[in-house]
Amino acid sequence: MAQSEKLTKLKTIPFQGGVNTYNEPGLLPTGSYSAVQNMRQMRPGLKARAGMIAQHTTADGTNRVMSMFQFSKGKRTERHFYAQMSDDDVLEATTAPPGVTTGVFGTEVFSGSTGSSAASWSVINDKLIFSNGVDQHQICAGTDDLIDKFIVYDSDTKLPDVPSTGYDYTSEVNYSNSSSVAVLDSLGNFVATTGTVTCTNAGTDFQGAGTKFLTELTVGQPVYVDASEKNVIATITSDTVATVTTAWAGGHAGTSYTTSNDCVLICSQVMPNRTALTVSKANGNTSTAIISYPSTTGWKVLTATDGTSSASKTLAQTGAITWTQPTDAVPKYMFDMNGFWIKIAFNAALDSEVEISGCTYGSAFTPIQDVWDGSLVDAIEAQHYKASTGVYYTYGTTSISIGGMTASDYLYFNSSDPIISIFLDSSGTPNTTASTLINALEYLSPSGSWTTVGNYIDTTSGLSKNGYITFPRQTDICPMQFNGSSYTSYWYRFTVDKTLSDSTNIGIMTIPYFDISLFGVGLLSAVWKNKMVYVFDQDPSWMYISAPDAPQVLSGINSSIFEAGDGRSNKIVCMKSFYNELLIFQEEKGALGGCITLLQGTKPEDLGTINLSNTYGAMNSQSVEVIETIEGGHNAFILSRKGILVTNGKTVNYVPNFEKVMNYFDPSSSTCIRTGYESRMYLKYDSSYHVIKIGLTTGSSATNNNVFLVYDIMTKEFTTDSYQYPLSCECECEAASGNVPMIQLGGGQADGKVYILNSGLNDVATAIDAHVTIQINEAGSVVRDAEMIVRAKTQSAGNMTITPYYNGNVQSSLAKTLSLTPDITSELIRRHKFPVNFKNQNVSVKIQHNTASESFYLLDYALDLIDYTGQ
């Protein structure tokens, strides 16, 4: 007869610890868990995870949610919650979480190109940056943002091309205060005149006749027509006097027109589609606001909806002026600031008392541009060609001697970038020849010929004073060699119509412009030390770092370009701020894998990198989380093709207990992650439970995430989740209502839904299968469990099921159903002690709850084990 030996005492131990999916169940020590599903560590104790609810009732087709993000501002309370869908569109939630929308999730705010990847999202200075891998990086200022300049130009002369004189009311309107206002009293001293104009189609070029016409207007200046189509703009292209009688399109006789010198000029970092004005003293005169913006071809008028208008009187009330955001807007240098300007003019003078106490602007998603930083750039060199001798005299561009330059001579100069303006500094020894004009300004075209830059405006009065010469962008200019130069650059030249005075000496500085498309499309972006860091597809291992607080300044003196990694050109797939530095993760390719780099420094000249790993990388932009834990400071958790990693900025290691789930990264395992689907997987932090949630696409046929690991950063143990509606991504956002500060959200894989996680007791309407499976092994001996105790937190209704398995085979006849309700009202713990007769070399005990609308909270358990000696 077999002998038995007591192995344990009947004394409870708390439920705590994680799952081991890697080792065979028969090799797990007694008390180990071969399964912990849909449970959260309570340290100690195990509690069924909370459920999920749909954030909206109508699905966005069968789209997969690729990424989600909340744009939340710091200077004002303004939130936008976005979902990036697999049809490449970005939707904005109609109702901010945790609110639920009856109907679709929200409206489309951006339509991306085909093939977008899970986006990276950043916020800098209350601007959103969005990068989806196939379009140019997008920038969005949201609904209301602070402006950078608010200028009132009130003058008897027309607005110069590079103005510097005006009333700066920026501080008065940026923070609404009735005692500090922008004064617009009597603004709009229009000059009315008569004559004839031609415009065969509304808005096209025209010419005008009459002395008054030519006195008030110059080439390139916009004109606002005072007729039935009074908001239509046209542009002067010639100052040749001619009698023109062609009627306006639509039959309106173009026999009168008006032009305004006075206007309001508003500058912002992003091209706006609205400006909201707080009117403290309203206008009572009949007038219309005319909105225009600088484009590649000059100022253009926008069709706007004026929310400040009442009874045909603009600025009669507080409101927003809105328009469709133009696609050809360019930055302009005005009032010592280069940015995106709008001009508000008025077709009739305002009241004698009109005041604005607040002004904000908003914008939609718009491609970033490479904006000049506003610091004048010295031209590279100058060559003065004297026709009388046929000789070129070469100078540096800070002091160029052109005394005696004749109408037959040329002054050549060049720049490293194409330009739209030059500043001629003649303050030392200006030209004193009266009525001198710069009568030609040309650039060297790709054909090798010299081409006029078009309509240029000279404010130097023939080099008699400091000033700018401004002109349109040249569409075909490119770097060229000139006159034996050993390098390529952009070449320009000008002539004068009279011989300059003998002592004339000038300096030349330039205003450049840049073409962002030369970098390619936007792959990835991040914020670091109040700078934007961009990655483009042309050189995907390089980072383009903007000037501080200037996310669109990429070619200034305070911006820089830096390469990550160890010399390989692996694409950068993720970037995260880490302490005061930047962690850069490159794609893992080939046997050499990827690279993890730490970028350090504060300014372009002292940037440097440390390679933390030349093997590991990251899967995508959604696969790294930097978490400030209570102990140990910052840690970055990484989802790599090699496994789940952690770095403290010095070393890179597998997370503790990774060996328990390494089957998901073992090529010999049928549950290994699937190659080619790295873009679908994710790693995200859930601060409500202090866990990292990891979605994996595993096996040979899966096309979406089918394994969901949960890593507790405090216990450093893994569990698993199983969802009725599997998730493709997760994120956290600030709650817009309710008592909970942070909300967790998940994106559906192929059901077009966004879900609010940690909400309710069910996965929408389906019960959550929460269970733990305890392994019982004793060195290969046959083990009998004679008695067992299980304690759980009481609840108003519900049962748990205890089911034994012998060597992996379910023993349904031995299963027990145990109540979770209290024996006595108000008791906190429900204790069950019961005899059992489990007998096998390997026993598994599954403790399960799988009933909708009920909770489940396991506290501790005890096993009375007997070793059947000889069995």
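As a reminder, the structure under discussion sits directly above these lines.
The structure reproduced in this document is the subject of the present report.

Conventions and cut-offs
- Residues numbered from 1 in each chain as written.
- Predicted model: local features only at pLDDT ≥ 70, side-chain atom pairs only at ≥ 80, totals over all residues.
- Heavy atoms only, no water.
- Pairing = 2+ DSSP bridges.
- Helix = DSSP H or I, 4+ residues; strand = E, 2+ residues; numbered from the N terminus.
- Axes fitted to C-alpha atoms, helices over the stretch in contact; angles between N-to-C directions.
- Phe/Tyr/Trp six-rings, centres within 6.5 Å; stacked < 30°, edge-to-face > 60°.
- Buried < 20%, exposed > 50% of the residue type's maximum accessible area, 1.4 Å probe, protein only.
- Lys NZ or Arg CZ within 6 Å of the ring centre and 35° of its normal.
- Salt bridge = Lys/Arg side-chain N within 4 Å of Asp/Glu carboxyl O.
- Polar contact = N/O pair within 3.5 Å; in protein donor to acceptor, adjacent residues only side chain to side chain.
- Contact = heavy atoms within 4.5 Å.

### Concerning the sheet that holds strand E55 (residues 652-654)
- Ordered by their spatial adjacency, 4 strands build an open sheet running E52-E53-E54-E55, and the pairing between neighbours is antiparallel. Every other strand in the sheet has two partners, leaving strand E52 (624-629) and E55 as the edge strands with one partner each. With direction set aside, neighbouring strand axes in the sheet form an average angle of 30 degrees.
- Examined bridge by bridge, E52 and strand E53 (residues 633-640) share 6 bridges and lie antiparallel to one another. Each residue of the ladder has a partner; that of Thr629, found in E53, is Gly633.

### Comments concerning the packing of aromatic side chains
- In total, this model carries 37 aromatic pairs according to the counting rule given.
- Arranged with centres 4.8 Å apart and planes meeting at 50 degrees, the rings of Phe482 and Trp491 form a pair that is tilted.
- Owing to a relative accessible area of 10%, Phe482 belongs among the buried residues under this scheme.
- Assessed through its relative accessible area of 1%, Trp491 is described here as buried.
- An aromatic cluster is present here, built from Tyr385, Tyr392, Tyr410, Tyr412, Trp450, Phe482 and Trp491 joined pairwise through their rings.
- If you follow Arg40 out to its NZ or CZ, it ends over the ring of Tyr689, 5.4 Å from the centre.
- Taking NZ or CZ as reference, Lys386 lies 5.0 Å from the ring centre of Tyr393, over its face.

### Let's talk about the pattern of salt bridges
- Summed over the entire model, instances satisfying the criterion amount to 23 salt bridges.
- One salt bridge in this structure joins Asp721 and Arg40, with 2.7 Å as the shortest N-O distance. Separated by 681 residues along the polypeptide, Asp721 in strand E59 (residues 717-721) and Arg40 in strand E4 (residues 39-41) bring together distant segments of the chain. There is no split in this pair, since Asp721 and Arg40 are both buried.
- Salt bridges sharing common partners tie together Lys281, Glu353 and Glu355.

### Section: the sheet that holds strand E12 (residues 127-131)
- One open sheet accounts for 4 strands, arranged E11-E12-E13-E31; its pairing is antiparallel. Bordering the open sheet on either side are strand E11 (120-124) and strand E31 (366-367), each of which pairs with just one other strand.
- Where E12 lies against strand E13 (residues 138-140), 3 bridges are found, and the strand directions are antiparallel. Paired with Leu128 across the bridge in E13 is Cys140.

### Description of the side chain of Asn63
- Position of Asn63 among the secondary structure elements: in the loop between strand E6 (52-54) and strand E7 (65-72).
- Looking at Asn63, its side chain comes within polar contact range of the side chain of Asp60, at 2.9 Å.
- When sequence neighbours within four positions are dropped, the list of residues in contact with Asn63 reads Met85, Ser86, Asp87, Gly748, Gln749, Ala750, Asp751 and Gly752.

### Thoughts on the side chain of Ser623
- Its place among the elements puts Ser623 in the loop between strand E51 (608-613) and E52.
- A residue is classified by how much of its surface remains accessible, and Ser623, at 0% relative accessible area, is buried.
- Among the polar contacts listed, one links the side chain of Ser623 to the backbone oxygen of Asn620, at a separation of 2.6 Å.
- Aside from chain neighbours lying at most four places away, what touches Ser623 is Ala618, Phe637, Ile638, Leu639 and Leu683.

### Overview of unusual backbone geometry
- Following Arg43, the chain continues into Pro44 via a peptide bond in cis, with omega recorded as 5 degrees.
- Following the sequence through the fold, Pro44 ends up in the loop between E4 and strand E5 (46-48).
- Even without being a glycine, Ala311 presents a positive backbone phi close to 55 degrees.
- Tracing the backbone shows Ala311 in the loop between strand E26 (304-306) and strand E27 (319-323).
- In this structure, Asp336 takes a positive phi of about 60 degrees despite not being glycine.
- Assignment of secondary structure puts Asp336 in the loop between strand E28 (332-334) and strand E29 (337-346).
- Residue Asp336 is classed as exposed on the basis of its relative accessible area, which comes to 65%.

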